Amino acid sequence: KSLDLPFGGPLMNMLAPLLLCAVFLAGLLAAEFRNSERGIWLTKPLASLAFVWLGLASGAMDSGYGRWILAGLLLCMLGDLLLSPQGNQRVFRAGIFAFLSGHLAYVAAFWTQPMAASGLMAGGLLAAGFCGGVLVWLNRWLPAGMVWPVRVYMTVIGVMTALACGVTAAGGPWLVAAGAVAFTVSDVFVARDRFIGSDFLNRALGLPLYYAAQMMLAMTSGLIS
């Protein structure tokens, strides 16, 4: 189920995007530390392109599940590009909408798979507690116009996480639940950076989590038919 590329077989097809992501993620973190907008624009698109490449290399086009995952990866890459500019609230909202759509694509992917009620319930309780706590924590810093968009966003994240846990509990790859949980946690650092205080710690913790999440979800394209 891997996409054969001219320069190598299935293993190389997996290793190349993983290596690309690691290299450009390191460059992105260095650019964020130096607050280099040019460096961010040079590294972030390529780091994000790597998880789309990995999805294709893993066989995303070979199944309905994989195609939904690929749609989510592409929407998240769009979100990354839209969130790169600093200080533009309209573009920021568009980026949030792109990520929301990406989460919904992952919801659709997980919905195609068998789910265990026990995993779905456990994941739902975990997601409800975590997302509810984050909303309470953020409430005092959210601008009035962002209260409901953030609530809707967190609700969709919670649903995605619950479904992912249900899929894994039913015998699906552990990468499904791990990727969804890592994506959810990484979004907290985005919210903290935008609404509470912008500092490098948010990116240092959030970006590796985010890219690890996308790479894990991309790899599930070849593990689920």
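Thresholds applied
- Residues numbered from 1 in each chain as written.
- Predicted model: local features only at pLDDT ≥ 70, side-chain atom pairs only at ≥ 80, totals over all residues.
- Heavy atoms only, no water.
- Phe/Tyr/Trp six-rings, centres within 6.5 Å; stacked < 30°, edge-to-face > 60°.
- Helix = DSSP H or I, 4+ residues; strand = E, 2+ residues; numbered from the N terminus.
- Buried < 20%, exposed > 50% of the residue type's maximum accessible area, 1.4 Å probe, protein only.
- Lys, Arg positive; Asp, Glu negative; His and termini not counted.
- Salt bridge = Lys/Arg side-chain N within 4 Å of Asp/Glu carboxyl O.
- Core = buried A, V, L, I, M, F, W, Y, C linked by side-chain atoms within 4.5 Å.
- Contact = heavy atoms within 4.5 Å.

In the structure shown here, the tally under the stated rule is eight aromatic pairs. Ring plane angle 85° and centroid distance 6.1 Å describe the contact between F51 and Y210, whose orientation is recorded as edge-to-face. Of this pair, F51 sits in helix α2 (residues 37–58) while Y210 sits in helix α8 (residues 200–219), placing them 159 residues apart in sequence. Look at F51 and you get buried, because its relative accessible area is 0%. With a relative accessible area of 6%, Y210 lands in the buried category. Among the aromatic residues, those joined into a cluster by ring pairs are F51, F99, Y106, F183, Y210 and Y211.

Here K44 is to be found in helix α2. It is D80 that comes nearest to the buried, bridge-free K44 among opposite-charge side chains, at 4.6 Å.

Among the nonpolar cores identified, the biggest contains 59 residues, and F51, Y106, F110, F183 and Y211 are the most heavily contacted of them. Of all the elements in the fold, those that place two or more residues in this core are α1 (10–34), α2, α3 (64–83), α4 (89–111), α5 (117–138), α6 (147–169), α7 (174–196) and α8. Ranked by residues supplied to this core, first place goes to α6 with ten residues. Setting aside residues no more than four positions away along its own chain, F183 makes contact with C76, F99, H103, Y106, M160, Y210, A213, Q214 and L217.

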